Amino acid sequence: MSNDGYSVGGSFGGSFGGAGYGSGQASGQAPGQPAAPAGQPASGLIDPQGQAMPASGAELIRDVTTQSFMSDVIEASRQQVVLVDFWAPWCGPCKQLTPILEKVVRDARGAVVLAKMNIDEHPEVAGQLGIQSIPAVIAFKNGQPLDGFMGAQQESQIKAFIERVAGPIGPSDAEQVLGEAEAAREAGDLARAAQLYGAVLSMEAENGAAIGGLAQCYVAAGALDKAREVLDAAPEPAAKDPAVSAARAAIDLAEQAEALGDLTELETRIAADPADHQARFDLAVALGSGADRQQAVDHLIEIVRRDRSWNEDGARKQLLQFFEAWGAKEPATGYGRRKLSAVLFS
């Protein structure tokens, strides 16, 4: 069984460039994806018997009763893994689990189907399986219960469970489009990246990575007000996403850089006095919000090397803000972490 304390008896055993926040293509179809041929479901998936499998809707998620359990679960599981969600209207954790479970099942694009059983109205099957607590999800395959879990789960845990009982399901449509968006932003194609982030948000309005990425596009374009609007509109579950935090840090950096004005004076001051830490710090902030990130790291590392305690360890703290704003994949982040470790532990 997948969760400690879960006992089951019986046989079971154990707008930017024309796009903006929430804009994009129709849900479930990535940009450039061709339409499905006539008579074929939109997913284009084929089961082992050569039959087309549904992409979403009632075919993937259904309510079952005691009377329909044999056909909708036992017999159906001989063709395809069936997840049975045992729930009740009064169950708070059930209300948390259901939308996440349904989303992951849809994202699996036919790898499994979901059968929902209200145990208040249909208690017999749950009783026969010895289910003692809900929500409880049991996977059936070849007419037999295979594995299960109890309680509310995170999306990643449910996806891992489905892959364990049904095999790899690959990235969802939203994950694929998000990957394209990240690549476009890294390549400097901000307009296309923003459109793709918008497409992701049309599928998943609470996708923190897409919200943060879209805001970063606006930051890179110098549209800080637009970036703030995107973040302020983020739903509560997405507000704590690392990508959203990174976007907020990037806005802070850009605002600091805007206040510095002409950089020539700072460069002149440093040339005249290499120990002018404030000038070096300000120049690093300006460079770090633009394209000269490695040079920004070098200036801050020089301050740390000369005087770690300056401005209450301000240079090191600024480096950490850079790392958050740039993200782990940014080469300058890795470069900066290596340089900082070298100077701190030398």
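Right above here is the structure, for reference.
To keep things clear, this report deals only with the structure shown in the data block. (Residues numbered from 1 in each chain as written. Predicted model: local features only at pLDDT ≥ 70, side-chain atom pairs only at ≥ 80, totals over all residues. Heavy atoms only, no water.)

Let us look at the sheet that holds strand β3 (residues 112-118). Pairing within the open sheet is mixed, and its five strands lie in the order β1-β3-β2-β4-β5. Whereas interior strands pair on both sides, the edge strands pair on one side only; in this sheet they are β1 (61-63) and β5 (144-150). Between one strand axis and the next, the sheet turns by 25° as a mean value, whatever way the strands run. Here helix α4 (residues 155-166) sits on the sheet in contact with β2 (81-87), β3, β4 (136-141) and β5, set at roughly 165° to β5. (Pairing = 2+ DSSP bridges. Helix = DSSP H or I, 4+ residues; strand = E, 2+ residues; numbered from the N terminus. Axes fitted to C-alpha atoms, helices over the stretch in contact; angles between N-to-C directions. Contact = heavy atoms within 4.5 Å.)

Looking now at the side chain of Arg280. Relative to the elements of secondary structure, Arg280 occurs in helix α12 (residues 277-288). One buried charge, Arg280, has no salt-bridge partner; the nearest side chain with opposite charge is Glu302, at 5.2 Å. Each residue touching Arg280, except ones within four places of it in the same chain, is listed here: Ile270, Pro274, His299, Glu302 and Ile303. (Buried < 20%, exposed > 50% of the residue type's maximum accessible area, 1.4 Å probe, protein only. Lys, Arg positive; Asp, Glu negative; His and termini not counted. Salt bridge = Lys/Arg side-chain N within 4 Å of Asp/Glu carboxyl O.)

This part is about the packing of aromatic side chains. On inspection of all chains with the given rule, the structure shows four aromatic pairs. Aromatic side chains Phe281 and Trp310 sit 5.6 Å apart centroid to centroid with 55° between the ring planes, which places their arrangement in the tilted category. Placement of the pair is Phe281 in helix α12 and Trp310 in the loop between α13 (293-306) and α14 (314-326), with a sequence separation of 29 residues. As far as burial versus exposure is concerned, Phe281 and Trp310 are alike and both buried. (Phe/Tyr/Trp six-rings, centres within 6.5 Å; stacked < 30°, edge-to-face > 60°.)

Here we take up the nonpolar core. Counting residues in each nonpolar core, the largest one holds 59 residues, and the members touching the most others are Tyr197, Ile211, Leu300, Leu319 and Phe322. If you tally residues by element for this core, the top one is helix α6 (residues 190-203), at nine residues. With sequence-adjacent residues up to four places away left out, Tyr197 is seen in contact with Leu178, Ala181, Glu182, Arg185, Ala209, Ala210, Gly213, Leu214 and Cys217. By size, the runner-up hydrophobic cluster in this structure holds 41 residues, among which are Ile61, Ala108, Leu114 and Leu129. (Core = buried A, V, L, I, M, F, W, Y, C linked by side-chain atoms within 4.5 Å.)

Per the counting criterion, the structure on display carries 18 salt bridges. Across the salt bridge formed by Arg192 and Glu180, the nearest N and O atoms sit 3.4 Å from each other. With a gap of twelve residues between them, Arg192 in helix α6 and Glu180 in helix α5 (residues 173-186) connect regions that are remote in the sequence. Of the residues examined, Arg192 reaches a relative accessible area of 37% and is grouped as partly exposed.

Compared with an ideal rise of 1.5 Å per residue, which puts 14 residues at 20 Å, α5 spans 20 Å between its outermost C-alpha atoms and is within 8% of the ideal. Among the residues of α5, those classed as buried are Asp173, Ala174, Val177, Leu178, Ala181 and Ala184. The arc that holds the buried residues of α5, viewed along the axis, is 125°, so those residues lie on one side. Tucked into the core, α5 has its buried residues touching α6 and α7 (208-220). (Expected span 1.5 Å × (residues − 1). Arc of directions from axis to C-beta.)

Now for α14. Between the first and last C-alpha of α14 there are 18 Å, a value that for 13 residues agrees with the 18 Å anticipated at 1.5 Å per step. Within the sequence span of α14, burial applies to Gly314, Ala315, Gln318, Leu319, Gln321, Phe322, Phe323, Ala325 and Trp326. In this structure, the buried residues of α14 make contact with α7, α10 (242-258), α12, α13 and α15 (331-344). Just past α14, the residue Gly327 takes up positive phi, approximately 95°.

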